[in-house]
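Breakdown of the fold
Below, each chain spelled out in residue letters.
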Amino acid sequence: MARITDDEIRILNQKISKIYEELWEETGDELFRISYEKTMRCGEVVKGKDGKGKHYNCHDPFCLRCNRRKKNENRKKTEYVLQNAKRKGMKYIHVILTKSNKETNELNVTEKAEEMKNEVFEFIEEMKKIDKKINVIASEEIEVKSGKFNIHWHFVMQINKRLSQKAIKELWGRISDGIAVFGKNKIKDEWQEKTMAYYISKEKTDFRKKDDENDLKLKIRTLLEFYKGKKAKNGKWTGRQTLFFKGERFEKAIKDYNNPKIEVKENEKIEEMKEQIEQLKKQ
């Protein structure tokens, strides 16, 4: 599939801005007006404090341009963690945790999403009791199709090779009365690491899909404030966290990714110690 260009993203983003404009006119909600104005401007070159031109980023939850940038960053993070937290005697599995969506609608979807998030974290804690060395990358996703909401979570888990799929299914079913669907059982090569990282890093709005406009509008109307998170005292929204790294090895790997200078210093210390040991040997 050909790579989408910035110009194409800008054109597609006008569709999102148009939906915001319609929702603002229909509801009079200032939140939609602000999102409309921000997404219309996203990508514009503006002058910074240093006098140099730079692109304006709106950071709106449904902006296609900002979604793509966030997706790429999350993909890089996930690949780094998978590549730098390998462990003998462990295997990777991709699991999708789902529940029935029959009772979920636009009036209670945020409540149901919060409920499932609590169950997901309870599931992780219970998994740790079974395998204390477990590591997890978890990503929340809410899709809308034909007016129906589908709340689910993508998991990449590094677990003991002896831990069975049956045990995982039974545990999730016991906690949530939901279903666990399994993808690839283990990573064999770098390509599968990239594939798993892709599934974990999906956007809230996928520019490659031809979403039904009514579904997209319903999703934006219902979930905009939910994804914006809480409003801080300075007037900025905190943003809802949807990607989590749990477990000793994954948490260390993401810390190294976020603080590369610390990792370099640690490597320098190790090299310095090696040199000192060699000098002592010679003496």
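This is a predicted model, so every value here is computed, not measured. (Residues numbered from 1 in each chain as written. Predicted model: local features only at pLDDT ≥ 70, side-chain atom pairs only at ≥ 80, totals over all residues. Heavy atoms only, no water.)

**A look at the packing of helix α2 (residues 30–41) against helix α7 (residues 213–228)**
Interhelical geometry of α2 versus α7 gives an angle of 85° and a closest axis separation of 11 Å. On the basis of their axis angle, the class for α2 and α7 is roughly perpendicular. Contacts between α2 and α7 pair L31, F32 and S35 from the former with I220, R221, L224, E225 and K228 from the latter. Looking at the contact of α2 with α7 residue by residue, the class counts come to four nonpolar, one polar and three charged. (Axes fitted to C-alpha atoms, helices over the stretch in contact; angles between N-to-C directions. Helix = DSSP H or I, 4+ residues; strand = E, 2+ residues; numbered from the N terminus. Parallel < 35°, antiparallel > 145°, perpendicular 65-115°, else oblique. Contact = heavy atoms within 4.5 Å. Nonpolar A, V, L, I, M, F, W, Y, C, P; charged D, E, K, R; others polar.)

**Overview of helix α5 (residues 165–176)**
Relative to the 16 Å expected for 12 residues at 1.5 Å per residue, α5 spans 16 Å between its end C-alpha atoms, a close match to the ideal helical length. Among the residues of α5, those classed as buried are I168, L171, W172, I175 and S176. Each buried residue of α5 sits inside an arc of 100° when the element is viewed along its axis, so together they form one side. Opposite the buried face of α5, at more than 90 degrees from it, the exposed residues are K166 and R174. The inward-facing, buried residues of α5 abut β3 (90–98), α4 (109–130), β5 (148–160) and β6 (179–182). One or two positions beyond α5, positive phi appears at D177, with a value near 60°. (Expected span 1.5 Å × (residues − 1). Buried < 20%, exposed > 50% of the residue type's maximum accessible area, 1.4 Å probe, protein only. Arc of directions from axis to C-beta.)

**Describing a positive patch on the surface**
Judged by side-chain charge, R87, K132, K133 and R249 come together as a positively charged surface patch. Among the secondary structure elements, K133 is positioned in the loop between α4 and β4 (135–145). (Patch = residues over 30% accessible without salt bridge, like charges linked within 9 Å, V, L, I, M, F, W, Y side chains within 5 Å. Areas by Shrake-Rupley, 256 points an atom, 1.4 Å probe, with all protein chains shown as cover. Salt bridge = Lys/Arg side-chain N within 4 Å of Asp/Glu carboxyl O. Lys, Arg positive; Asp, Glu negative; His and termini not counted. Charge placed at Lys NZ, Arg CZ, Asp CG, Glu CD.)

**What about the pattern of salt bridges?**
Opposite charge on two side chains lets them pair, provided their charged atoms get close. Enumeration over the complete set of coordinates arrives at 19 salt bridges. In this structure, K18 engages E21 in a salt bridge whose closest nitrogen and oxygen atoms are separated by 3.9 Å. Within this pair, K18 and its partner E21 are both found in helix α1 (residues 6–27), separated by three residues, close to a single helical turn. For E140, the salt bridge goes to R240, with nearest N and O atoms at 3.1 Å. With E140 in strand β4 and R240 in the loop between α7 and β7 (243–246), the pair connects residues that are 100 residues apart, well separated along the chain.

**Digging into α4**
Compared with an ideal rise of 1.5 Å per residue, which puts 22 residues at 32 Å, α4 spans 31 Å between its outermost C-alpha atoms and is within 8% of the ideal. Buried within α4 are the following residues: V109, K112, A113, M116, K117, E119, V120, F123, I124 and M127. Contacts from the buried residues of α4 go to β3, β4, β5, α5, α7 and β7.

**Quick notes on the state of the cysteines**
All told, the structure shown has zero disulfides when counted by the stated rule. C58 carries a free sulfur, and the closest cysteine sulfur to it, the one in C63, is 3.6 Å from it. The buried category is assigned to C58, whose relative accessible area is 6%. (Disulfide = S-S within 2.5 Å.)

**Section: unusual backbone geometry**
A negative phi angle is the norm for most residues apart from glycine, just as the trans form is the norm for most peptide bonds. Within the chain, H59 stands out as a residue other than glycine whose phi angle is a positive 60°. If you trace the backbone, H59 turns up in the loop between β2 (53–55) and α3 (64–84).

**Observations concerning the packing of aromatic side chains**
Counting across every chain of the model gives 11 aromatic pairs. Arranged with centres 5.8 Å apart and planes meeting at 70°, the rings of F62 and Y227 form a pair that is edge-to-face. Of this pair, F62 sits in the loop between β2 and α3 while Y227 sits in helix α7, placing them 165 residues apart in sequence. Taking the centre distance of 6.5 Å and the plane angle of 85° together, the rings of F121 and W153 count as edge-to-face. Here F121 is found in helix α4, whereas its partner W153 is found in strand β5, with 32 residues between them in sequence. By relative accessible area, W153 is classed as buried at 0%. Counting every residue linked through ring pairs, the aromatic cluster contains F62, F226 and Y227. Just above the ring of Y56 sits the side chain of R41; from NZ or CZ to the centre is 4.1 Å. The residue whose ring lies beneath K204 is Y227, and the NZ or CZ to ring-centre distance is 5.0 Å. (Phe/Tyr/Trp six-rings, centres within 6.5 Å; stacked < 30°, edge-to-face > 60°. Lys NZ or Arg CZ within 6 Å of the ring centre and 35° of its normal.)

**Observations regarding the packing of α1 against α3**
Where α1 contacts α3, the axes come no closer than 8 Å and their chain directions differ by 125°. By the angle class used here, α1 and α3 are oblique. Contacts from D6, I9, L12, N13 and I16 in α1 reach L64, R65 and R68 in α3. Looking at the contact of α1 with α3 residue by residue, the class counts come to four nonpolar, one polar and three charged.

**A short note on the sheet that holds β6**
Read from one edge of the open sheet, five strands run β6-β3-β5-β4-β7, paired in antiparallel fashion. The open sheet has two edge strands, β6 and β7, and neither has a second partner. For this sheet the average axis-to-axis angle between neighbouring strands, irrespective of direction, equals 25°. Pairing between β3 and β6: four bridges, direction antiparallel. Bridge pairing in β6 links L97 to A180. Against the sheet, α3 contacts β3, β4, β5 and β7, and its axis sits at roughly 15° relative to β7. Sitting on the sheet, helix α8 (residues 248–258) touches β3, β4, β5 and β7, and the angle it makes with β4 is about 80°. (Pairing = 2+ DSSP bridges.)

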